[in-house]
Amino acid sequence: MQDPIRLVTDIFEDKNLSYASLRSFSEEFLIRLASPVLNPGGIYNTLLVDTSSRYTAYFGTVEDKLVKSAVQKGLTLSMNQAYGRLIEQLRRMRGLVQFKFGEGTDQYEGFFPQGMDEYNQASIGQLPELLERFLSAANTYLLADYPTDVDNFVTAKNQFTNARTAQETMFSSLKTTRTGRHERRKELTLQLTKCFLIIAADHIENPDRFDDYYSLRYLPIRRKKK
């Protein structure tokens, strides 16, 4: 069997992995990870932002427009999809609130003082406060009898919040760390290792998916002699 200790070490720390190859490898990984096919529902947005941050710290500002465009578009798509799911969940919750309490009641007003228009017309910046108000009402009036519906709302709310945070963070406030060049490279290779382990765990029964996320052509892989 494989040495289990090897799985918890920095698998991309290799003196034979050149600066140019590490850069190309990282850029291609970022482009692939930004794809909605490989990042469904924005599940890897945190990895995308963290890897981009460490890439920028080591290599400097992303000059490859293809990389920057792919990552930004990927995060924007994730945010838009999360927003759509959130609004759809709010519509379903409105039907439940109408059924249980009826329009015009104090309970209904706690959720929808201005109907769905308030949520549909709210700016992205206004939504967090509205969602917190909605969650407070849901915990007060629905949680005991409809815990699954409240959980579904919380999931949609968190997905939207996380996607929006990732979108705002990306390439907007990245600061090059003041550590040395060696330390910055180490931070990047550790982040790439973290990404690999998380993605590998998500596809534990389908190791061929590795090829979808990573391009081996840049890596100095040593094969075992037969």
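Residues numbered from 1 in each chain as written. Predicted model: local features only at pLDDT ≥ 70, side-chain atom pairs only at ≥ 80, totals over all residues. Heavy atoms only, no water.

Peer 1: Requested: an account of the packing of helix 1 (residues 19-33) against helix 8 (residues 181-202), with residues and values cited.
Peer 2: Viewed as axis vectors pointing N to C, helix 1 and helix 8 meet at an angle of 40 degrees, and their least axial separation amounts to 12 Å. On the basis of the axis angle, helix 1 is oblique to helix 8. The two elements helix 1 and helix 8 meet at a crossing, and its hand is left-handed. Contacts from Tyr19, Leu22, Phe25, Ser26, Phe29 and Leu33 in helix 1 reach Arg181, Arg185, Leu188, Thr189, Leu192, Cys195 and Ile199 in helix 8. (Axes fitted to C-alpha atoms, helices over the stretch in contact; angles between N-to-C directions. Helix = DSSP H or I, 4+ residues; strand = E, 2+ residues; numbered from the N terminus. Parallel < 35°, antiparallel > 145°, perpendicular 65-115°, else oblique. Left-handed = near helix turned anticlockwise from the far one by under 90°. Contact = heavy atoms within 4.5 Å.)

Peer 1: Describe in detail the nonpolar core, supporting the description with residues and values.
Peer 2: Among the nonpolar cores identified, the biggest contains 29 residues, and Phe29, Leu33, Tyr213 and Tyr214 are the most heavily contacted of them. Elements supplying a minimum of two residues to this core: helix 1, helix 2 (45-59), helix 3 (65-101) and helix 8. Those residues within four positions of tyrosine 214 in sequence are excluded, and the remaining contacts are Phe12, Phe25, Phe29, Arg32, Leu192, Cys195, Phe196 and Ile199. If you look at the next biggest cluster of nonpolar residues, it comprises 28 residues, including Met79, Ala82, Phe111 and Ala138. (Core = buried A, V, L, I, M, F, W, Y, C linked by side-chain atoms within 4.5 Å. Buried < 20%, exposed > 50% of the residue type's maximum accessible area, 1.4 Å probe, protein only.)

Peer 1: Describe the pattern of salt bridges, with residues and values.
Peer 2: Side chains that carry opposite charge are capable of pairing whenever their charged atoms lie near each other. Using the criterion set out here, one finds 11 salt bridges in the structure. Between arginine 91 and glutamate 88 there is a salt bridge; the shortest N-O distance is 3.6 Å. Here the residue arginine 91 and the residue glutamate 88 both occupy positions in helix 3, the gap between them amounting to 3 residues, near one helical turn. Since its relative accessible area comes to 43%, arginine 91 is described here as partly exposed. Look at glutamate 88 and you get partly exposed, because its relative accessible area is 34%. The structure contains a network of salt bridges with shared partners spanning Asp10, Glu13 and Lys186. (Salt bridge = Lys/Arg side-chain N within 4 Å of Asp/Glu carboxyl O.)

Peer 1: How would you sum up the packing of aromatic side chains? Please name residues and give values.
Peer 2: Scanning the model with the defined rule gives 22 aromatic pairs in all. Each ring, one from phenylalanine 25 and one from tyrosine 214, has its centre 5.5 Å from the other, and the planes form 10 degrees; the classification is stacked. Placement of the pair is phenylalanine 25 in helix 1 and tyrosine 214 in the segment after helix 9 (210-213), with a sequence separation of 189 residues. No difference in accessibility class separates phenylalanine 25 from tyrosine 214, as the two residues are buried. Between phenylalanine 210 and tyrosine 214, the ring centres sit 4.8 Å apart and the planes meet at 25 degrees, which makes this aromatic pair stacked. On the accessibility criterion, phenylalanine 210 (21% relative accessible area) is partly exposed. Judged by its relative accessible area of 2%, tyrosine 214 falls in the buried class. (Phe/Tyr/Trp six-rings, centres within 6.5 Å; stacked < 30°, edge-to-face > 60°.)

Peer 1: Talk me through the environment of isoleucine 11; I want residue IDs and the actual numbers.
Peer 2: Mapped onto the fold, isoleucine 11 is located in the segment before helix 1. With 185 residues separating them along the chain, isoleucine 11 and phenylalanine 196 place their C-alpha atoms 9.1 Å apart.

Peer 1: Account for the side chain of asparagine 39, naming residues and giving values.
Peer 2: For asparagine 39, the position within the fold is in the loop between helix 1 and helix 2. A relative accessible area of 2% places asparagine 39 in the buried class. Beyond its immediate sequence surroundings of up to four residues, asparagine 39 is in contact with Leu33, Tyr44, Asn45 and Ser78.

Peer 1: Break down helix 7 (residues 147-169) for me, citing the residues and quoting the values.
Peer 2: Along its 23 residues, helix 7 runs 32 Å from first to last C-alpha, staying within 8% of the 33 Å computed at 1.5 Å per residue. For helix 7, every residue scored as buried is listed here: Val150, Phe153, Ala156, Lys157, Phe160, Ala163, Ala166 and Gln167. (Expected span 1.5 Å × (residues − 1).)

So yeah, pure geometry; function would need other evidence.
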